[in-house]
Amino acid sequence: MMSKSLFLVLVAFGPLLCSAFVGQGVPRSFVSQTSLNVGPLQKLTNKNEYNKVVEGLMQTKGLTREQAEKEYNAYLDNPNDYALQKGEAYYKSLGYKSLMEGVIGEAEKEGKGDEVRARIEDFQKKSKLKGLATISFFIALFFYYKLSYVPDVPLGGGL
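Residues numbered from 1 in each chain as written. Predicted model: local features only at pLDDT ≥ 70, side-chain atom pairs only at ≥ 80, totals over all residues. Heavy atoms only, no water.

Engineer: With reference to specific residues and values, describe the packing of aromatic side chains.
Structural biologist: Taken as a whole, this structure holds 8 aromatic pairs when the rule is applied. Ring geometry for Tyr50 versus Tyr72: centroids 5.4 Å apart, planes at 50 degrees, classification tilted. Pair noted here: Tyr50 is in helix 3 (residues 47-61) and Tyr72 is in helix 4 (residues 65-77), with a separation of 22 residues, a long-range link. Looking at Tyr50, the relative accessible area reads 0%, which means it is buried. Summarising the aromatic geometry, the rings of Tyr145 and Tyr149 are spaced 5.3 Å apart at their centres and angled 20 degrees between planes, so their arrangement reads as stacked. Overall, Tyr145 belongs to the buried group, its relative accessible area being 15%. Taken together, the aromatic side chains of Tyr50, Tyr72, Tyr75 and Tyr82 make up a single cluster linked through ring pairs. (Phe/Tyr/Trp six-rings, centres within 6.5 Å; stacked < 30°, edge-to-face > 60°. Helix = DSSP H or I, 4+ residues; strand = E, 2+ residues; numbered from the N terminus. Buried < 20%, exposed > 50% of the residue type's maximum accessible area, 1.4 Å probe, protein only.)

Engineer: Before we move on, can you summarise the packing of helix 3 against helix 4 with the specific residues and values?
Structural biologist: In contact at an axis separation of 9 Å, helix 3 and helix 4 are set at 120 degrees when each is read in the N-to-C sense. When the axes of helix 3 and helix 4 are compared, the pair comes out oblique. Seen from above, helix 3 lies across helix 4 with right-handed handedness. Taking contact as the criterion, the partners of Tyr50, Asn51, Val53, Val54, Glu55, Leu57, Met58 and Lys61 in helix 3 are, on helix 4, Arg65, Ala68, Glu69, Glu71, Tyr72, Asn73 and Leu76. Tallied by class, the residues present in the contact of helix 3 with helix 4 amount to 8 nonpolar, 2 polar and 5 charged. (Axes fitted to C-alpha atoms, helices over the stretch in contact; angles between N-to-C directions. Parallel < 35°, antiparallel > 145°, perpendicular 65-115°, else oblique. Left-handed = near helix turned anticlockwise from the far one by under 90°. Contact = heavy atoms within 4.5 Å. Nonpolar A, V, L, I, M, F, W, Y, C, P; charged D, E, K, R; others polar.)

Engineer: Hey, could you go over the environment of Glu71 for me, with residue numbers and the actual values?
Structural biologist: Counting through the fold element by element, Glu71 comes out in helix 4. With 17 residues separating them in the primary sequence, Glu71 and Val54 have C-alpha atoms 8.6 Å apart. For Glu71, the residues in contact, after removing those within four places along its chain, are Leu57, Lys61, Tyr82 and Lys86.

In structure tokens form, the structure reads like this:
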């Protein structure tokens, strides 16, 4: 019974642990397409603030109501992903191939290219180290469990 639950935990968290080693993140095909749809929930629970933000988007960006709601709902569903997508779109509009290339390229224009590269490399090293530490912990936990668990099976193989 205990080994079944340990197996289920590893199956559940395995993809998250393995994503530490993927350079570009988890491919979109593995990301769940379900959404909490926080936007419509926000629209129902806090209508005044929701409408204020949507109207502000309509004025500042010249969007239709539907486009502004879609934009704000995307932000409410996942603010981090929204910011990354907008950043990537911005740097691609400037002619860069990716977000990182754009960040480094713009930093080089300001004379801070080496500093930004060093910060990015440091972040990537720390992330890999955290991923390795997490995976090592779970491997050690598995072996500890495997070595210390004594099944309740009677000797002699009989029932």
